[in-house]
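These are the residues of each chain, in order.
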Amino acid sequence: MTPKRPPPTPPKPPPSPREKLKDAVNQVMQQVADKKAATRADVVQKRTAQKRRQRLRIVQLLVILIVFGISSYVGLQEWN
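What counts, and at which threshold
- Residues numbered from 1 in each chain as written.
- Predicted model: local features only at pLDDT ≥ 70, side-chain atom pairs only at ≥ 80, totals over all residues.
- Heavy atoms only, no water.
- Helix = DSSP H or I, 4+ residues; strand = E, 2+ residues; numbered from the N terminus.
- Buried < 20%, exposed > 50% of the residue type's maximum accessible area, 1.4 Å probe, protein only.
- Areas by Shrake-Rupley, 256 points an atom, 1.4 Å probe, with all protein chains shown as cover.
- Lys, Arg positive; Asp, Glu negative; His and termini not counted.
- Charge placed at Lys NZ, Arg CZ, Asp CG, Glu CD.
- Patch = residues over 30% accessible without salt bridge, like charges linked within 9 Å, V, L, I, M, F, W, Y side chains within 5 Å.
- Salt bridge = Lys/Arg side-chain N within 4 Å of Asp/Glu carboxyl O.

S.K.: What's the story with the overall build of the protein chain in this structure? I'm lost.
M.R.: If you tally the helices and strands in the protein chain, you get 1 helix and 0 strands. Each of the three principal axes of the protein chain carries a C-alpha extent, and together these read 110 × 45 × 5 Å. Looking at the protein chain as a whole, 0% of its 80 residues are labelled buried. With an accessible surface of roughly 8500 Å², the protein chain has 64% of that area assigned to carbon and sulfur atoms. The protein chain carries 16 positive and 5 negative side-chain charges, and their two centres are separated by 7 Å.

Below is the structure:
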């Protein structure tokens, strides 16, 4: 005995205008949510980069001050 095939499923009826509108609204809402998430990620990335640059400037300033202090001390010792 061969197994019987199930009857073919009828095609889906075309979506109603209300369903089309719902789908369109959901799609737009999803696009807006995606843009917001991308914008938030960009803002976080910019803030992180800004903090990193600020930290780097502080470290560079400290190194410059330390080198200047040491060279001034050595220069004053040689001058006297």
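Still more ground to cover, so stick around.
S.K.: What's the story with a positive patch on the surface in this structure? I'm lost.
M.R.: Residues Arg47, Lys51, Arg52, Arg53, Arg55 and Arg57 make up a contiguous surface patch of positive charge. On the secondary structure map, arginine 55 appears in helix α1 (residues 17–79).

S.K.: Explain the environment of threonine 39 to me, please; I cannot follow it from the model alone.
M.R.: For threonine 39, the location among the structural elements is in helix α1. On the basis of relative accessibility, which here comes to 47%, the residue threonine 39 falls in the partly exposed class. Linking threonine 39 and glutamine 27, residues 12 residues apart in sequence, is a C-alpha distance of 18 Å.

S.K.: Would you explain the environment of valine 25 in this entry?
M.R.: Following the sequence through the fold, valine 25 ends up in helix α1. Taking the relative accessible area as the measure of exposure, valine 25 reaches 41% and is therefore partly exposed. For the pair valine 25 and isoleucine 70, spaced 45 residues apart in sequence, the C-alpha separation works out to 68 Å.

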